Amino acid sequence: MSAGGIHPARPFPEAARDTLQDAQMRRNLKHATTTIREKRFRAVAELPDWEALRTRGAELKDAALSDLAEQLLTLETAVKRRGGQVHWARDAAEACRIVTDLAASHGAREIIKVKSITSDEIELNAALEKRGIQAIETDLAELIVQLAGDTPSHILVPAIHKNRAEIRDLFRRKLGAELLTDEPKVLAEAARLYLREKFLSTKVAVSGANFAIAESGTVCIVESEGNGRMCLTLPDVLISVMGIEKVLPQWADIAPFMQLLPRSSTAERMNPYTSFWSGVTPGDGPQEFHLVLLDNGRTDVLADEAARQTLRCIRCSACLNVCPVYERAGGHAYGSVYPGPIGAILTPQLLQLEDENANTLPWASSLCGACYDACPVKINIPEILIYLRGQITPHKSHNLENTVESIAMKTAAWIFNEPFRFEGALKLARTGQGPLVQHGAIHALPGLLGGWTSSRNLPPFPAKSFRELWREEGQNDE
Amino acid sequence: MKIDLFITCLNDALFPQTGLAMARLLRRLGHQVRFNEAQTCCGQMHFNTGYQREALPLIRKFVNDFRNAEVIVAPSGSCVAFVRDLYPKAAEWAGDDDLLREVTELGKRTYELSEFLIKVLKVEDVGAYYPHRVTYHPTCHAARLLRVGDAPLRLLKNVRGLTLVELPASEQCCGFGGTFSVKNPETSTAMLADKVQSVMSTGAECCTAGDNSCLMHIGGGLSRLQSGVGVVHLAEILASTESMSAGSSETIGAMQVSAEALL
Ligand code: SF4
């Protein structure tokens, strides 16, 4: 089941402890992220104006977000004018109700899905199942994850943690396909045969959206496989679930994103399939179109000036592929359909910083900054991580009153506020460390710092601090 | 030039030899150095861990301590990046316009050592001698936030006796990340393992960088593995000269050189 949702079941450090043990997954991930990282680097280097393009992308998104309410109303009017219907969903439950009601009203037993990360956010598959409707994923990687009863671990390559041999075995088991090799072509063919039948027999499709253009009421999906296009054109009813931040005011705005998105995500100059549709066209394609506009915490993100840039995200996944933490811990450690650096800032914000497990995500980063460098819309992820840490910490230590950490931090701040206290503390530490120092290094520490010495040594405090040595020599040149 | 030394709390407490080396180097290049003893810590650890209320007084204190400095130079890309990039954010988030004005101005006068040498003093050859096989790790904050680029490499290439060997996957984070290494020790260790492996694969005697925090991390891993490979701060390499090469070679492996020997 590729539901997933955005509520992490466990704190990040705990979940990562498990995923880090999975040697096969570690190898698969390292291979995949290294390959795509290098490819993306080359694809980006081809464009002489990449930096200017990134700035343009950021500006366009910011402009759209600055009068989002108006853009959405324009979009609604335009979609209706073209024969589509628009639904507003405040949260996941509301969105699920709208979609399941629509599917049920058409008597659907099965629906096909494409670009389903937003629907995964709201856990649509589970909601449909409760009404006896089975959702079938048509993105190849989503299908793999669904057949494996797994959850996605990457926003673009949800099955990134699996290798070809694992997929071959899965298709043999679940699709009854006779597969002699694990050649990607052969695997894709097996999936194609299975999906083709579904495309032709299913009446209702659910899609996500990459962009929407307010002025014309047009929805856009960018993809590589062509399965999306089948989903968008063959069924009678098309329901698109879209986060409200996906809207752009006008057609001209979309051009930079058509360069930014493919190069950042799949390292291609252009993606193979780009579909645009506006409302319904009599006699051609789905004859009923519903656009579900999903809030689910987004207006709260929008209201926070310091963190608002989070909503620029175009879900390209470049930040995941360059992130050293993602590469080791894997997508599942983040416990949300949005893993990696963007997940670390988006997930807790969508949950209004009220979910304890999600609130561990802003610390799942070494703040190395690789994500910011890669992001095609220049989201300063490290800065938002730090900002969110600052928002979460006070109410965490308020809840637990004084944690060991908060006492340590407050004490350290008190010490640093006066140089004489700092000097005194150093002298104390020097005396106190005595028993811990062996052969010139510290090999084991108690308490909070024990995590450090589980794999690393620490140098002991030297006999004299810099300030002591400096003073002894009376060194200032005046 | 009159240079104010910004000796980070970590350097002051654990790696005094780095600050002394930096002072000696700058003097050798003909500049006046000063250490304002009132300084303690820039507040990065607090701010980045989420204790922003506690960090603010430290930020204000830093501004006070360095208000009258002509230029401020530190042997730490990370702390300089914090002052330059995040002090303005801290002021902004606290809604303090006066502070914002002051830190923006201060940030322009604050430099990491290698960028100061290359960009401001415009020297590439500092007359150093260091007869060892060395690999260089570009720390994340120096590389990505300060964009020091190849400044450290240009300096190292001009050190006599030094053999510079390239570090594979050098741009990858070592996994330190301040309290990240303590809060997510397993993930941090997995990152460190790859970095240590890269360092060892070069056959270098030691790994150098512009930040003792990252070096403490990498060195801690190398030491735990009894690898025989050491770490040494860039400032210490650049400060070494032929006349004191015996002293400087002590820095290798031990991380703990007798600071007096450098004075
Ligand atoms: S945050 Fe930036 S890099 Fe990451 S998925 Fe979103 S747009 Fe792509």
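Residues numbered from 1 in each chain as written. Chains lettered and ligands numbered in written order. Predicted model: local features only at pLDDT ≥ 70, side-chain atom pairs only at ≥ 80, totals over all residues. Heavy atoms only, no water.

### Some words on empty space enclosed by the protein
Residues and elements named next belong to chain A. Going through the model one piece at a time under the given rule, you end up with five cavities of 30 Å³ or more. Roughly 110 Å³ of volume is contained in the largest cavity. Lining the largest cavity are 17 residues, and of these Cys 323, Pro 341, Ser 365, Ser 366 and Cys 371 sit closest to its centre. When residues of the lining of the largest cavity are traced back to their parent elements, those giving at least two are helix H15 (324-329), helix H16 (340-350), helix H17 (370-374) and helix H18 (381-399). Broken down by element, the lining of the largest cavity gets its largest block of residues, three residues, from H16. For the lining of the largest cavity, a count of residues per class yields 13 nonpolar, four polar and no charged. In this structure, the second largest cavity spans a volume of roughly 90 Å³. For the second largest cavity, the lining is made up of 13 residues, of which Cys 313, Cys 316, Cys 319, Cys 375 and Ile 379 are closest to its centre. Tallied by class, the residues present in the lining of the second largest cavity amount to eleven nonpolar, one polar and one charged. (1 Å grid on protein atoms, 1.4 Å probe; cavity = no way out; pocket = protein on both sides within 12 Å on 5 of 7 lines; lining within 4 Å. Points joined across faces, edges and corners; volume = space filled by probe spheres on them. Helix = DSSP H or I, 4+ residues; strand = E, 2+ residues; numbered from the N terminus. Nonpolar A, V, L, I, M, F, W, Y, C, P; charged D, E, K, R; others polar.)

### Concerning helix H9 (residues 164-175) of chain A
All names here are of chain A. Taking 1.5 Å as the rise per residue, H9 with twelve residues should run 16 Å; its terminal C-alpha atoms sit 15 Å apart, in good agreement. Buried residues of H9: Ile 167, Arg 168, Leu 170 and Phe 171, and no others. Seen along its axis, H9 keeps its buried residues to an arc of 165°; they face one direction. For H9, the elements touching its buried residues are helix H8 (140-147) and helix H10 (184-201). If you check the start of H9, you find a side-chain oxygen 3.3 Å away from the backbone N of Ala 165, and it comes from Asn 163. Immediately beyond the C-terminal end of H9, within one or two residues, lies Gly 176, with a positive phi of roughly 60°. (Expected span 1.5 Å × (residues − 1). Buried < 20%, exposed > 50% of the residue type's maximum accessible area, 1.4 Å probe, protein only. Arc of directions from axis to C-beta. Contact = heavy atoms within 4.5 Å. Polar contact = N/O pair within 3.5 Å; in protein donor to acceptor, adjacent residues only side chain to side chain.)

### Details of the nonpolar core
A:Phe12, A:Leu75, A:Phe171, A:Phe211 and B:Phe6 are the most contacted members of the largest nonpolar core, which totals 145 residues. The element best represented in this core is helix H5 (residues 77-93) of chain B, accounting for nine residues. Looking at this core, you find at least three residues from each of domain 1 (2-120) and domain 2 (133-247) of chain B. Setting aside residues up to four positions removed in sequence, B:Phe6 forms contacts with B:Gln39, B:Cys42, B:Phe62, B:Phe66, B:Ile72, B:Val73, B:Ala74, B:Pro75, B:Cys79, B:Val80, B:Val83 and B:Thr110. By size, the runner-up hydrophobic cluster in this structure holds 39 residues, among which are A:Leu469, B:Ala21, B:Phe116 and B:Val126. (Core = buried A, V, L, I, M, F, W, Y, C linked by side-chain atoms within 4.5 Å. Domains from an automatic or database assignment.)

### Digging into the sheet that holds strand S1 (residues 2-5) of chain B
Residue and element names in this part refer to chain B. Taken together, the four strands give an open sheet; going across it, the order is S2-S1-S3-S4, and neighbouring strands pair in parallel fashion. Every interior strand has two partners, whereas the edge strands, strand S2 (32-34) and strand S4 (110-112), have only one. Direction aside, the axes of adjacent strands within the sheet are offset by 35° on average. Where S1 meets S2, three bridges bridge the pair, whose relative direction is parallel. Bridging from a neighbouring strand, Asp 4 pairs with Arg 34 of S2. (Pairing = 2+ DSSP bridges. Axes fitted to C-alpha atoms, helices over the stretch in contact; angles between N-to-C directions.)

### Examining the layout of surface pockets
All names here are of chain A. Here the second largest pocket defines a volume of roughly 1,400 Å³. At the level of secondary structure, the elements contributing two or more residues to the lining of the second largest pocket comprise helix H2 (23-45), helix H6 (117-121), H8, H9, H10, strand S6 (218-223) and helix H12 (254-265). Top contributing element to the lining of the second largest pocket by residue count: H2, with six residues. A breakdown of the residues in the lining of the second largest pocket according to their chemical character gives 22 nonpolar, 14 polar and eleven charged.

### Looking at the packing of aromatic side chains
Residues and elements named next belong to chain B. Taken as a whole, this structure holds 19 aromatic pairs over all chains when the rule is applied. Geometrically, the ring pair formed by Phe 82 and Tyr 87 is edge-to-face, given 5.3 Å between the ring centres and 80° between the ring planes. Considered together, Phe 82 and Tyr 87 belong to a single accessibility category, that of buried residues. Ring plane angle 45° and centroid distance 5.6 Å describe the contact between Tyr 111 and Phe 116, whose orientation is recorded as tilted. (Phe/Tyr/Trp six-rings, centres within 6.5 Å; stacked < 30°, edge-to-face > 60°.)

### Topic: the sheet that holds S6(A)
All names here are of chain A. Strand order across the open sheet formed by four strands is S8-S5-S6-S9, with mixed pairing between neighbours. One side of each edge strand has no neighbouring strand; the edge strands of this open sheet are strand S8 (247-248) and strand S9 (273-278). Looking at chain direction, strand S5 (residues 211-213) and S8 are connected through two bridges and run parallel. Of the residues in S8, the one forming a bridge with Ile 213 is Leu 248.

### Considering the side chain of A:Arg37
Inspection of the secondary structure puts A:Arg37 in helix H2. If we skip the residues at most four places from it in the chain, A:Arg37 touches A:Asn321, A:Val322, A:Glu327 and B:Gln172.

### Focus: H16(A)
H16(A) sits mainly inside the fold: eleven of its eleven residues count as buried. At the C-terminal side of H16(A), A:Gln352 shows a positive phi close to 55°.

### Some words on the domain arrangement of chain B
Residues and elements named next belong to chain B. Under the domain assignment, chain B is made up of domain 1 (2-120) and domain 2 (133-247). A C-alpha centroid distance of 22 Å is found between domain 1 and domain 2. Contacts between the two partners involve 28 residues from domain 1 and, on the opposite side, 26 residues from domain 2. Here domain 1 and domain 2 share an interface that buries about 2,100 Å² over both sides, 65% of which is from carbon and sulfur atoms. Listed by contribution, the elements that provide at least two residues to the side of domain 1 that touches domain 2 are helix H1 (9-14), helix H2 (16-28), helix H3 (44-49), H5 and helix H7 (113-120). Sorting elements by how many residues they give to the side of domain 1 that touches domain 2 places H2 first, with seven residues. Residues belonging to the side of domain 1 that touches domain 2 are distributed by class as follows: twelve nonpolar, nine polar and seven charged. (Buried area = accessible area lost by both parts, 1.4 Å probe.)

### Description of the environment of A:Ala108
Residue and element names in this part refer to chain A. The residue Ala 108 is located in the loop between helix H5 (92-105) and strand S2 (110-114) in this model. Assessed through its relative accessible area of 9%, Ala 108 is described here as buried. With 324 residues separating them in the primary sequence, Ala 108 and Gly 432 have C-alpha atoms 71 Å apart. Excluding its chain neighbours within four sequence positions, the residues that come into contact with Ala 108 are Ala 103, Ile 133 and Val 204.

### Quick word on the pattern of salt bridges
The final tally for this structure, using the stated rule, is 48 salt bridges over all chains. Residues B:Glu186 and A:Arg17 are paired through a salt bridge, measuring 2.8 Å at the closest nitrogen-oxygen approach. With one member in each of two chains, B:Glu186 in helix H11 (residues 185-201) and A:Arg17 in helix H1 (residues 12-19) form a pair that bridges those chains. Using a relative accessible area of 28% as the deciding quantity, one classes B:Glu186 as partly exposed. (Salt bridge = Lys/Arg side-chain N within 4 Å of Asp/Glu carboxyl O.)

### Considerations on the side chain of A:Asn380
Residue and element names in this part refer to chain A. Mapped onto the elements of the fold, Asn 380 is located in the loop between H17 and H18. By relative accessible area, Asn 380 is classed as buried at 14%. Excluding residues within four positions of it along the chain, Asn 380 makes contact with Gln 309 and Tyr 372.

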